[in-house]
Amino acid sequence: MTDYFPHLDYKPEMPKRLDRGIGIVGAGGIVNYAHLPAYKKAGFRVVGVVDKQRDRAEHTAQQHAIPHVYSTVDELLGEDDVEIVDVAVYPAEQGEIVRLATAAGKHLLCQKPFADEYSTAVRNVKLAEQAKVKLAVNQQMRWDAGIRCARLLIDDGWLGTPTYGTIQVHCHTNWSLWPWIYQGKRVEIMFHSIHYIDSLRYLLGEPSWVFTSGSRGPAESTGAETKTVTVWDYASGLQVVIDVCHTTWQDDRYAIFRFEGSEGVIKGTIGLMYNYPTGQPDTLEFMSKRNSQYWFSGRLDSMWIPDAFVGPMASLMCAIENDSEPETSGRDNLRTLQVVFAEYRSMAERRAVRPEEITA
Ligand SMILES: NC(=O)c1ccc[n+]([C@@H]2O[C@H](COP(=O)([O-])OP(=O)(O)OC[C@H]3O[C@@H](n4cnc5c(N)ncnc54)[C@H](O)[C@@H]3O)[C@@H](O)[C@H]2O)c1
């Protein structure tokens, strides 16, 4: 077999038109340190912003040179120049904005989690389909360099038949960035591991069964889970382990992925989770029987924040352009949410759960 080094073109596919007007709802942390820096790099055009707390919208507009600050969501939706509504509010607030925006005929990029109840997510998808607008969910980890490279290598046959996959993140999360998450009834899976769930579905497909154990550190004030260990079982024999702990006080924190298959291994680190939200580039190493079992490493020169945040918006714009489905469409995200809620049911009932058990 001839040796070759794969060309890993992991940057997002860009739309032909970059100038579709974007209107932002919610001017909080993630919009300021991720969405807007990413859109600036990509050359996207942000028309205006609205926030319940007007001073936040004004501050954001000033910091990022956004021309309009709206007083209400309705005012933003009444703006003809806004073609895409980019929502970044709390999940319980997102459903009402989807209802209003679809009625106004706007395309939508929603934040993850798409909804805090599965039935709301199903309703959101139906609203968008009935209104014939495109709806994507901001599951941007799929465009994180290490994950996208793993997908390219898998598609190119370097792994062969997948036999094992894992994402393991033992980090120290500063919940003061999201006090409203920490005091809620669902924390780790709903707001964090949802990225790993979506990325693992993207890489390895749909699990048949999921089993989750959830817990928290001894001194924690939340009543919800901040550390989880999950096993996914596939009909093919593939096994997946997701192991996440947000209370790692030790100084050897780690955030790794590893995929094994009949032909090779792909492994690396998730740079963002070493010092969120600054992060560092991911690392990537891989080996395959098809290339004499030499180890290769990739040099990845982009970051999860902000670079990966170009992906979902670019994919939405491509879908508008081609009348196709965005890669992380609302309909696709229903499968991610089924796994999320199956993991919660598993935790509560201490049994393996099929994602299909979760219905509206
Ligand atoms: N994709 C990611 O990786 C990622 C990372 C962090 C946060 N998030 C998600 O983004 C969302 C926002 O998180 P954040 O960290 O920016 O929170 P934040 O508290 O910093 O900001 C939220 C903002 O939304 C505003 N808001 C709330 N409801 C509103 C409404 N109905 N209309 C207008 N404005 C409203 C608030 O006033 C606030 O300014 C959450 O759903 C969170 O899960 C996603």
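Just so it is clear, the model here is predicted, and its values are computed rather than measured.

The rules behind the values
- Residues numbered from 1 in each chain as written.
- Predicted model: local features only at pLDDT ≥ 70, side-chain atom pairs only at ≥ 80, totals over all residues.
- Heavy atoms only, no water.
- Helix = DSSP H or I, 4+ residues; strand = E, 2+ residues; numbered from the N terminus.
- Rg over C-alpha atoms; globule rule 2.2 N^0.38 Å.
- Buried < 20%, exposed > 50% of the residue type's maximum accessible area, 1.4 Å probe, protein only.
- Contact = heavy atoms within 4.5 Å.
- Areas by Shrake-Rupley, 256 points an atom, 1.4 Å probe, with all protein chains shown as cover.
- Pairing = 2+ DSSP bridges.
- Axes fitted to C-alpha atoms, helices over the stretch in contact; angles between N-to-C directions.
- 1 Å grid on protein atoms, 1.4 Å probe; cavity = no way out; pocket = protein on both sides within 12 Å on 5 of 7 lines; lining within 4 Å.
- Points joined across faces, edges and corners; volume = space filled by probe spheres on them.
- Parallel < 35°, antiparallel > 145°, perpendicular 65-115°, else oblique.
- Left-handed = near helix turned anticlockwise from the far one by under 90°.
- Salt bridge = Lys/Arg side-chain N within 4 Å of Asp/Glu carboxyl O.

Engineer: Would you mind going over the overall build of the protein chain in detail, with residue names and values included?
Structural biologist: Counting its secondary structure elements, the protein chain contains 10 helices and 14 strands. Expected size for 360 residues packed as a compact globule is a radius of gyration near 21 Å; at 20 Å, the protein chain falls within 12% of this value. Counting all 360 residues of the protein chain, 56% fall into the buried class. In the protein chain, of all internal contacts separated by at least 6 residues, the share reaching a separation of at least 24 is 71%. Just so you have it, the protein chain exposes about 15,600 Å², and 49% of that area is on carbon and sulfur atoms.

Engineer: Hey, could you go over the sheet that holds strand 7 (residues 162–170) for me, with residue numbers and the actual values?
Structural biologist: Ordered by their spatial adjacency, 8 strands build an open sheet running 8-9-10-7-11-12-13-14, and the pairing between neighbours is mixed. Strand pairing shows two members of the sheet lacking a second neighbour, strand 8 (209–215) and strand 14 (295–298), which therefore form its edges. The average angle at which neighbouring strand axes cross in this sheet is 10°, direction not considered. Here helix 8 (residues 188–204) sits on the sheet and contacts strand 7, strand 8, strand 9 (227–233), strand 10 (239–245) and strand 11 (254–261); the angle it forms with strand 10, its principal contact strand, is near 155°.

Engineer: I'd like a description of empty space enclosed by the protein, backed by residues and values.
Structural biologist: The full count for this structure, using the stated rule, is 1 cavity of 30 Å³ or more. Estimates place the volume of the largest cavity at around 30 Å³. Lining the largest cavity, in full, are Glu206, Pro207, Arg335, Gln338, Val339, Pro355 and Glu356.

Engineer: Kindly report on the sheet that holds strand 2 (residues 45–50), identifying the contributing residues and their values.
Structural biologist: Taken together, 6 strands build an open sheet; the order of strands is 3-2-1-4-5-6 and the sheet is parallel. The open sheet terminates on both sides in strands that have one partner only, identified here as strand 3 (68–69) and strand 6 (135–137). For strand 5 (residues 107–110) and strand 6, the ladder comprises 3 bridges, and the chain directions are parallel. Bridging from a neighbouring strand, Leu108 pairs with Leu135 of strand 6. On the sheet, helix 4 (residues 91–103) packs against strand 1 (21–25), strand 4 (84–87), strand 5 and strand 6 and is oriented at approximately 165° with respect to strand 5.

Engineer: Explain the packing of helix 8 against helix 10 (residues 330–349) residue by residue, including any values.
Structural biologist: Geometrically, a packed helix pair is captured by the angle between its two axes and the distance between the axes. Closest axis-to-axis distance for the helix 8/helix 10 pair is 9 Å, and the angle between their directions is 125°. In terms of orientation, helix 8 lies oblique with respect to helix 10. Of the two elements, helix 8 crosses helix 10, and the hand of that crossing is right-handed. The segment helix 8 lies against helix 10, with Glu188, Ile189, Met190, Ile194, Ile197, Asp198 and Arg201 engaging Asp332, Asn333, Arg335, Thr336, Leu337, Val339, Val340, Phe341, Glu343, Tyr344 and Met347.

Engineer: Tell me what's going on with the pattern of salt bridges, and back it up with residues and numbers.
Structural biologist: All told, the structure shown has 24 salt bridges when counted by the stated rule. For the salt bridge of Arg17 with Glu83, the shortest nitrogen-to-oxygen distance reads 4.0 Å. Of this pair, Arg17 sits in the segment before strand 1 while Glu83 sits in the loop between helix 3 (73–77) and strand 4, and the two are 66 residues apart along the sequence. Arg17 sits in the partly exposed class, given a relative accessible area of 38%. The exposure class of Glu83 is partly exposed, given its relative accessible area of 24%. Between Arg201 and Glu206 there is a salt bridge, with its nearest N and O atoms 2.8 Å apart. Look at Glu206 and you get partly exposed, because its relative accessible area is 32%. Within the structure, one salt-bridge network assembled from shared partners comprises Arg142, Asp198, Arg201, Glu206 and Asp332.

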